[in-house]
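Structural overview for review
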Amino acid sequence: MVATPDLERDLAKRPTDTSWGMVVDLDRCTGCQGCVIACESENNIPINNETHFNQGRAISWIRVERYWEGEFPDIKARFIPLFCQHCENAPCEPVCPVYATYHNQEGLNVQVYNRCVGTRYCANNCPYHARSFNFWEPVWPEDLRNQLNPDVTIRSRGVMEKCTMCVQRIRRATRSGSNPAEGSFAPACVQACPTNALVFGDLNDSNSKVFELLNDDRNYTVMKELGTKPNVTYLKKVDAHAK
């Protein structure tokens, strides 16, 4: 999202004790890719084609990784959605030479596209591989242009892109300066998940669902040993046949 005077004014009115975050329940995730499609539609992510794909070029703010556990014939498919973890100690932030990525007062790792010069230092320093480089000017077929989201900037070639937790929805819901009721809004991926595997909310609100899930025995963060302190946490898969 491009910084504007209206956006800066909205940010100034918001509470400073909010920390947006997400919990992903891997026991509910089926790997359906619904979150991926919803993210692409909401955030005007360019459509990839066969030529770009064969060149190894793609843009995706969220991906569902598939991996396997066990040995044949008892092998099991596992799924884990991965996207920007909005780290409190983000490795991508100190390496940006133009301060295009920074951590705001609401716990979000922000990407300012009209500052980014595409050095890709942030992508190289991200252990989660959660950033994509925009290799081309986005073009949509005429019959799909009406589905573009007017609240989201269409990014030009040469910038880094990543998950924003649908900051445009957060801005709209908090425009009055007060915290909205829990469940009154959600990022596109959370809204589209058919199994409610994704839960979004204020990590500092002791009455919120995400705060409750943070104390679940299955809770963990990806690559905790790196000390990035992500605002995205996961709940382990429950294996009913485990001994």
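Below, the structure is looked at part by part. (Residues numbered from 1 in each chain as written. Predicted model: local features only at pLDDT ≥ 70, side-chain atom pairs only at ≥ 80, totals over all residues. Heavy atoms only, no water.)

1. Describing a nonpolar patch on the surface
Taken together, the side chains of W68, F72 and I75 present a nonpolar region at the surface, about 400 Å² in accessible area. Structurally, F72 is set in the loop between β2 (62–69) and β3 (76–83). On the basis of relative accessibility, which here comes to 75%, the residue F72 falls in the exposed class. (Patch = residues over 30% accessible without salt bridge, like charges linked within 9 Å, V, L, I, M, F, W, Y side chains within 5 Å. Areas by Shrake-Rupley, 256 points an atom, 1.4 Å probe, with all protein chains shown as cover. Salt bridge = Lys/Arg side-chain N within 4 Å of Asp/Glu carboxyl O. Helix = DSSP H or I, 4+ residues; strand = E, 2+ residues; numbered from the N terminus. Buried < 20%, exposed > 50% of the residue type's maximum accessible area, 1.4 Å probe, protein only.)

2. What to know about the environment of C193
Locating C193 in the fold gives a position in the loop between α6 (188–192) and β8 (198–202). When its relative accessible area of 13% is taken as the criterion, C193 is described as buried.

3. A few points about the side chain of E161
When you line up the elements, E161 lands in strand β7 (residues 160–161). With a relative accessible area of 1%, E161 lands in the buried category. Side-chain polar atoms of E161 contact the side chain of W61, separated by 3.2 Å. One polar contact links E161 to R155, side chain to side chain, over a distance of 3.0 Å. The residues touching E161, leaving out its near neighbours within four places in the chain, are P46, I59, W61, Y113, A130, R131, S132, N134 and R155. (Polar contact = N/O pair within 3.5 Å; in protein donor to acceptor, adjacent residues only side chain to side chain. Contact = heavy atoms within 4.5 Å.)

4. Considering the pattern of salt bridges
Evaluated as defined, the whole model comprises nine salt bridges. Notably, a salt bridge pairs R172 with D151, separated by 2.3 Å at the nearest N-O pair. With a gap of 21 residues between them, R172 in helix α5 (residues 167–173) and D151 in the loop between β6 (132–133) and β7 connect regions that are remote in the sequence. Here D216 ties to R218 by a salt bridge, and the two come within 3.7 Å at their closest N and O atoms.

5. Describing the nonpolar core
In terms of nonpolar packing, the biggest core is built from 44 residues, with M22, F83, M165, F200 and Y234 touching the most fellow members. Of all the elements in the fold, those that place two or more residues in this core are β1 (20–25), α2 (34–42), β2, β3, α5, α6, β8 and β10 (232–235). Each residue touching Y234, except ones within four places of it in the same chain, is listed here: V24, L26, I80, P81, L82, F83, Q85, R218, N219, Y220 and V222. Among the nonpolar cores identified, the runner-up in size contains six residues, and V23, V210, L213 and L235 belong to it. (Core = buried A, V, L, I, M, F, W, Y, C linked by side-chain atoms within 4.5 Å.)

6. Thoughts on α2
Within α2, the full set of buried residues consists of C35, V36, A38, C39 and E42. The buried residues of α2 all sit within an arc of 165° when viewed along its axis, so they share a single face. Where α2 is buried, its residues contact β2, α5, α6 and β8. Immediately downstream of α2, the backbone of N44 shows phi near 50°, a positive value. (Arc of directions from axis to C-beta.)

7. Focus: the sheet that holds β8
On the basis of which strands lie adjacent, the open sheet formed by four strands has the order β8-β1-β10-β9 and mixed pairing. At either margin of the open sheet sits one strand with a lone partner, and together these are β8 and β9 (219–220). The pairing of β9 with β10 spans two bridges and is antiparallel. Among the inter-strand pairings, Y220 is bridged to a residue of β10, identified as Y234. (Pairing = 2+ DSSP bridges.)

8. Quick word on the pairing of β3
Of the strand pairs in this sheet, β2 and β3 are connected by eight bridges, and their pairing is antiparallel. Residue E69 lies in a different strand from β3, and its bridge partner there is K76. A loop of six residues connects β2 with β3, the two strands running antiparallel in sequence, and G70 in this loop sits at a positive phi of about 95°.

9. Notes on the packing of aromatic side chains
Taken as a whole and assessed by the stated rule, the structure comprises six aromatic pairs. Linked through ring pairs, W20, F185 and F200 together constitute an aromatic cluster. Seen from the ring of F133, R120 lies directly overhead, with NZ or CZ sitting 4.2 Å from the centre. Over the ring of Y113 we find R155; its NZ or CZ atom is 5.7 Å from the centre of that ring. (Phe/Tyr/Trp six-rings, centres within 6.5 Å; stacked < 30°, edge-to-face > 60°. Lys NZ or Arg CZ within 6 Å of the ring centre and 35° of its normal.)

10. Brief notes about the side chain of S19
The topology assignment puts S19 in the loop between α1 (5–13) and β1. According to the relative accessible area criterion, S19 is buried, its value standing at 9%. Beyond its immediate chain neighbours, meaning those up to four positions away, S19 contacts E88, E106, G107, G201, D202, L203, N204 and N231.

Read these as geometric descriptors, not functional statements.
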